[in-house]
Amino acid sequence: MLMASLDLYDEARAALDPDDGEIETTELVVTDDVLVKGFALGPGAELDPHEHPDSTNVFHVLEGSVVVVRDGDEETVDAPGVVRHDRGAVHGARNETDDVAVFTASLCPMP
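Throughout what follows, the structure given in this document is the object of discussion. (Residues numbered from 1 in each chain as written. Predicted model: local features only at pLDDT ≥ 70, side-chain atom pairs only at ≥ 80, totals over all residues. Heavy atoms only, no water.)

### Some details on the pairing of strand 1 (residues 23-30)
Moving on, step 1. Inspection of the sheet shows strand 1 paired to strand 2 (residues 35-41) by 7 bridges, in the antiparallel sense. Among the inter-strand pairings, Val30 is bridged to a residue of strand 2, identified as Leu35.
Moving on, step 2. What sits between the antiparallel neighbours strand 1 and strand 2 is a turn of 4 residues. (Pairing = 2+ DSSP bridges. Helix = DSSP H or I, 4+ residues; strand = E, 2+ residues; numbered from the N terminus.)

Given below as structure tokens:
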């Protein structure tokens with residue numbers, strides 16, 4: 001019996017190929033209480049700052065470097081890296097490199 005892989009990343013990543021300035025996304029896990037979404041940022045792409053007033057959001061930088069913006073502060077986070085955004089924190093990300101940057105965002109609980 002052939003068993004499917006438990007790892008969801010490879011298949012999801014294969015579908016993400018953004019051009020310069022573009023963002024592509026995919027949903028890796030969706031349940032009643034958590035969302036894990038994958039983001040691939042092409043060179044120069046930016047995920048506009050936003051907030052989740054009722055949820056914690058955790059970025060896991062998996063490939064490349066991402067400039068993480070939170071409440072007016074900025075920090076470059078290289079893979080592998082993890083950044084927690086508490087409820088209500090205004091956060092976003094951008095790619096200032098010439099390569100695609102990939103991170104996941106885990107949102108819990110679901111709004």
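Let us keep going from here.
### Some points on unusual backbone geometry
Leave glycine aside and you will find that most residues have negative phi; peptide bonds, for their part, are mostly trans.
Moving on, step 1. A cis amide bond links Ala79 to the next residue, Pro80, at an omega of -5 degrees.
Moving on, step 2. Relative to the assigned elements, Pro80 resides in the loop between strand 6 (73-78) and strand 7 (81-85).
Moving on, step 3. For the peptide bond that leads from Cys108 to Pro109, omega is -10 degrees, which places it in the cis range.
Moving on, step 4. In this fold, Pro109 is placed in the segment after strand 9 (101-108).
Moving on, step 5. Positioned with a positive phi, Asp71 is a non-glycine residue whose angle comes to about 50 degrees.
Moving on, step 6. Looking at where Asp71 falls in the secondary structure, it is placed in the loop between strand 5 (65-70) and strand 6.

### Things to note about the pattern of salt bridges
Moving on, step 1. Scanning the entire structure with this criterion turns up 4 salt bridges.
Moving on, step 2. Here Arg84 and Asp86 are joined by a salt bridge, their closest N and O atoms 2.8 Å apart.
Moving on, step 3. On the basis of relative accessibility, which here comes to 54%, the residue Arg84 falls in the exposed class.
Moving on, step 4. Under the relative-accessibility criterion, Asp86 is labelled partly exposed at 41%.
Moving on, step 5. Salt bridges here are not isolated pairs; linked through shared partners, they connect Glu74, Arg94 and Glu96. (Salt bridge = Lys/Arg side-chain N within 4 Å of Asp/Glu carboxyl O. Buried < 20%, exposed > 50% of the residue type's maximum accessible area, 1.4 Å probe, protein only.)

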